Amino acid sequence: MFNRNILSHFDFIQPFLIIPLVILSHILIAEMSETLAFKQYIYFFSGFLAFLIFFLFPLRKFFWLIPIFYWINVALLFSVDIFGTSKLGAKRWIEIPFANFSVQPSEFMKPALILMLAYIIKKTPPPKEGYNTKNFIKLSFFILLPSVLILGEPDLGSALVLLFSGFGILFIIGTNKKIWISLIGATLILSPILYSNLHDYQKKRITEFLSEDKAYQVKQSIIAIGNGGLAGKDASEATQAHFKFLPIATSDFIFAYTVERFGFLGGVFVICMYMFLIFHLLSINHKDENDFFQKVTANGIAILIFVYVGVNISMVIGFAPVVGIPLPFFSYGGSSFITFMSLFGILQNLLTFKFKNAYNSVQIRI
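- If you check an unreviewed UniProt entry, the protein appears there as Cell cycle protein from Campylobacter hominis.

Dropping the structure here:
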């Protein structure tokens, strides 16, 4: 039994902006590989199921579970070093016994961090002048701990995503400006030491980015984008992707294939959909200024999407080093899709069931 009145708080703008991206992504992936397109249906089902679970879970009644969820994910990151398996030279996955598949704990850590920050900020909201040094250090600990563990896998891309997302939330919610000035200064001073501690392949990517001679995949990506022109090419004429010159055309470099197929206009459409989604999520700040849990969650998802989209597209056009960061709801892959569907399920839960008693409007009869 479902009380339809609760849907008056449901945010229908979110699916309106997300579904076109998912459909366009599926069309492009189906052109490249029917096998991958079929696997996408499994990811769609898993993602929708994750959304439904988090949407219906009475989160406002069980806030106390969030620290447990956070520390379980920290424990999983620790266990990667002991039980983890390596792929392409990085130890980031844990094999599930008898299930023949692996999980990447760093993906689970992204919603865990956003929820943990929301939990802490809800309990101790920032004063008008912003958080002081003591509160900032406390919140920073929960950001830096998983980031350092992920950096050691090594996975620089995911570690930077957590750092930008976590500190981005603190910037929007409110932190004394003197702290940011000190932090930026310390980062600039320590940058040579930070660079010297990077892995060789990470230094190579930075060197290739700064060099006039771009990496092979970036060159092919720029050619594909140029091949698209204003309105794009027919699938049979998208030679960069279909002749396999463009690497990873269904995941990391899918934006380049999008522009090759649908041209400059297609690329602008994708970017605009992400921009509208980010601005819409940030606008939630003004819905209920006293609901810090809802505000932090919305801001965290908005920053996460901004970082993913900004880094991925910059990488594809040669404006950033090549890192394995996909486009949300667009690149092929299950981990990222399920993670973002879970996050949007949590946010819709907070918006729709704004009051704890609203959960009583949903009953499941068997």
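Observations concerning the packing of aromatic side chains
Phase 1 of the analysis: A full pass over the atoms with the stated rule returns 21 aromatic pairs.
Phase 2 of the analysis: Look at Phe44 and Phe337: their rings are 5.5 Å apart centre to centre, the planes differ by 55°, and that puts the pair in the tilted class. Here Phe44, found in helix H2 (residues 34-56), pairs with Phe337, found in helix H13 (residues 334-352); they are 293 residues apart in sequence, far enough to count as distant.
Phase 3 of the analysis: With relative accessibility at 8%, the residue Phe337 sits in the buried group.
Phase 4 of the analysis: Seen from their ring centres, Tyr70 and Trp71 are 5.2 Å apart, and the 85° between their planes marks the pair as edge-to-face.
Phase 5 of the analysis: Linked through ring pairs, Tyr41, Phe44, Tyr308, Phe329, Phe337, Phe340 and Phe344 together constitute an aromatic cluster.
Phase 6 of the analysis: Residue placement shows Arg261 over the ring face of Phe262; its charged tip is 4.8 Å from the ring centre.

Quick look at helix H9 (residues 216-228)
Phase 1 of the analysis: For H9, with 13 residues, the first-to-last C-alpha span of 19 Å sits near the 18 Å given by 1.5 Å per residue.
Phase 2 of the analysis: Of the positions making up H9, those classed as buried are Val218, Gln220, Ser221, Ala224 and Gly228. Considered in projection along H9, the buried side chains sweep an arc of 165° and stay on one side of the axis.
Phase 3 of the analysis: Positive phi shows up at Gly229, right after H9, with a value of about 60°.

A word on helix H1 (residues 13-32)
Phase 1 of the analysis: The terminal C-alpha atoms of H1 lie 30 Å apart, and with 20 residues this matches the ideal 28 Å at 1.5 Å per residue to within 8%.
Phase 2 of the analysis: Within the span of H1, buried status applies to Gln14, Leu17, Ile18, Leu21, Val22, Leu24, Ser25, His26, Leu28, Ile29 and Met32.
Phase 3 of the analysis: Those residues of H1 hidden inside the fold are in contact with H2, helix H10 (239-242), helix H11 (254-283) and H13.

Some details on a positive patch on the surface
Phase 1 of the analysis: On the surface, a cluster of positive charge is contributed by Lys122, Lys123, Lys134 and Lys138.
Phase 2 of the analysis: Elements with a minimum of two residues in the positive patch: helix H4 (105-123) and helix H5 (133-151).
Phase 3 of the analysis: Turning to its location among the elements, Lys123 is positioned in helix H4.

Thoughts on the environment of Ala112
Phase 1 of the analysis: Summarising the element assignment, Ala112 is placed in helix H4.
Phase 2 of the analysis: Residue Ala112 is classed as buried on the basis of its relative accessible area of 0%.
Phase 3 of the analysis: Each C-alpha atom of the pair Ala112 and Trp71 lies 8.7 Å from the other, and the pair is 41 residues apart in sequence.

Rules of the game
- Residues numbered from 1 in each chain as written.
- Predicted model: local features only at pLDDT ≥ 70, side-chain atom pairs only at ≥ 80, totals over all residues.
- Heavy atoms only, no water.
- Phe/Tyr/Trp six-rings, centres within 6.5 Å; stacked < 30°, edge-to-face > 60°.
- Helix = DSSP H or I, 4+ residues; strand = E, 2+ residues; numbered from the N terminus.
- Buried < 20%, exposed > 50% of the residue type's maximum accessible area, 1.4 Å probe, protein only.
- Lys NZ or Arg CZ within 6 Å of the ring centre and 35° of its normal.
- Expected span 1.5 Å × (residues − 1).
- Arc of directions from axis to C-beta.
- Contact = heavy atoms within 4.5 Å.
- Patch = residues over 30% accessible without salt bridge, like charges linked within 9 Å, V, L, I, M, F, W, Y side chains within 5 Å.
- Areas by Shrake-Rupley, 256 points an atom, 1.4 Å probe, with all protein chains shown as cover.
- Salt bridge = Lys/Arg side-chain N within 4 Å of Asp/Glu carboxyl O.
- Lys, Arg positive; Asp, Glu negative; His and termini not counted.
- Charge placed at Lys NZ, Arg CZ, Asp CG, Glu CD.

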